[in-house]
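Listed here are the chains, written in short residue letters.
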Amino acid sequence: MAGAALAGAFAGLLGAAVEPSLRALLAVTAVSAVIVGAALRPVPWQLDRETNTRWLGYNDWRTAAYNGFALGLGFTTRIGFWLWYVVPLSAFVVADPVLGAAGYSVFALTRVGLSALLTSADVYVTGGIARARMVADPLALAALGALYPVLTPLL
């Protein structure tokens with residue numbers, strides 16, 4: 001949650017530092033790039049790696065803290081879904097560090113919560129991430145598309 005809150009606050013602060021018309025232009029450009037990317041690539045732009053396995057050697061709270069921080073930032077590991085890009089774009093657009101941190105934190109909590117729920121229920125989803133993308137990718141396109149009407153009046 002700390003990594004997520006920090007990343008969201010930074011994106012919100014960055015958005016607040018940019019003039020509204022320029023912020024809207026940058027966001028529309030980013031939204032367009034992600035939509036094109038989602039249409040052309042099955043896998044999102046990401047660092048295609050797991051968290052650092054050396055952290056497992058600590059055998060204490062640092063293992064969980066470092067992993068949680070890296071996963072909370074989002075972009076430092078595999079993202080898996082184009083829908084993730086809605087999170088930093090929204091934090092940037094709202095231009096508020098507190099709202100940015102809250103949005104990122106909700107996303108991180110949802111990601112961890114759903115994983116914990118599926119694991120505790122011993123649920124195995126056949127088809128894994130490929131099957132989940134059938135739902136997540138159209139949601140990403142719809143969510144990103146919904147940002148256009150919010151941003152265009154600012155241009």
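Placed above this text is the structure.
Residues numbered from 1 in each chain as written. Predicted model: local features only at pLDDT ≥ 70, side-chain atom pairs only at ≥ 80, totals over all residues. Heavy atoms only, no water.

1. Examining the pattern of salt bridges
(1) Moving on: Under the counting rule described, the total for this entry stands at one salt bridge.
(2) Moving on: We note a salt bridge from Arg62 to Asp60, for which the minimum N-O separation is 3.1 Å.
(3) Moving on: Among the residues examined, Arg62 registers a relative accessible area of 27% and is labelled partly exposed.
(4) Moving on: Residue Asp60 is classed as partly exposed on the basis of its relative accessible area of 32%. (Salt bridge = Lys/Arg side-chain N within 4 Å of Asp/Glu carboxyl O. Buried < 20%, exposed > 50% of the residue type's maximum accessible area, 1.4 Å probe, protein only.)

2. Some words on helix H3 (residues 61-73)
(1) Moving on: The first and last C-alpha atoms of H3 sit 18 Å apart over 13 residues, in line with the 18 Å expected at 1.5 Å per residue.
(2) Moving on: Along H3, the residues classified as buried are Thr63, Asn67, Ala70, Gly72 and Leu73.
(3) Moving on: The opening residue of H3, the one whose side-chain oxygen lies 3.0 Å from the backbone nitrogen of Arg62, is Asp60.
(4) Moving on: Phi turns positive one or two residues past the end of H3, at Gly74, with a value near 90°. (Helix = DSSP H or I, 4+ residues; strand = E, 2+ residues; numbered from the N terminus. Expected span 1.5 Å × (residues − 1). Polar contact = N/O pair within 3.5 Å; in protein donor to acceptor, adjacent residues only side chain to side chain.)

3. So, helix H2 (residues 20-40)
(1) Moving on: Its 21 residues give H2 an end-to-end C-alpha distance of 30 Å, which sits within 8% of 30 Å, the value for a rise of 1.5 Å per residue.
(2) Moving on: Among the residues of H2, Arg23, Ala24, Ala27, Val28, Val31, Val34, Gly37 and Ala38 are the ones counted as buried.

4. Some points on the packing of H2 against helix H4 (residues 86-94)
(1) Moving on: Two elements in contact, H2 and H4, have axes separated by 10 Å at closest approach and are oriented at 170°. The pairing of H2 with H4 is recorded here as roughly antiparallel in orientation. Across the interface between the two elements, Arg23, Leu26, Ala27, Ala30 and Val31 from H2 touch Leu89, Phe92 and Val93 from H4. (Axes fitted to C-alpha atoms, helices over the stretch in contact; angles between N-to-C directions. Parallel < 35°, antiparallel > 145°, perpendicular 65-115°, else oblique. Contact = heavy atoms within 4.5 Å.)

5. A short note on the packing of aromatic side chains
(1) Moving on: Applying the stated criterion to the full structure yields three aromatic pairs.
(2) Moving on: For the ring pair Trp84 and Tyr85, a centre distance of 5.1 Å and an interplane angle of 80° mean the geometry is edge-to-face. Residue Trp84 shares its accessibility class with Tyr85, and that shared class is buried.
(3) Moving on: Ring-pair connections join several aromatic residues into one group, and the members of that group are Trp55, Tyr58 and Tyr66. (Phe/Tyr/Trp six-rings, centres within 6.5 Å; stacked < 30°, edge-to-face > 60°.)

On their own, these measurements won't tell you what the molecule is for.
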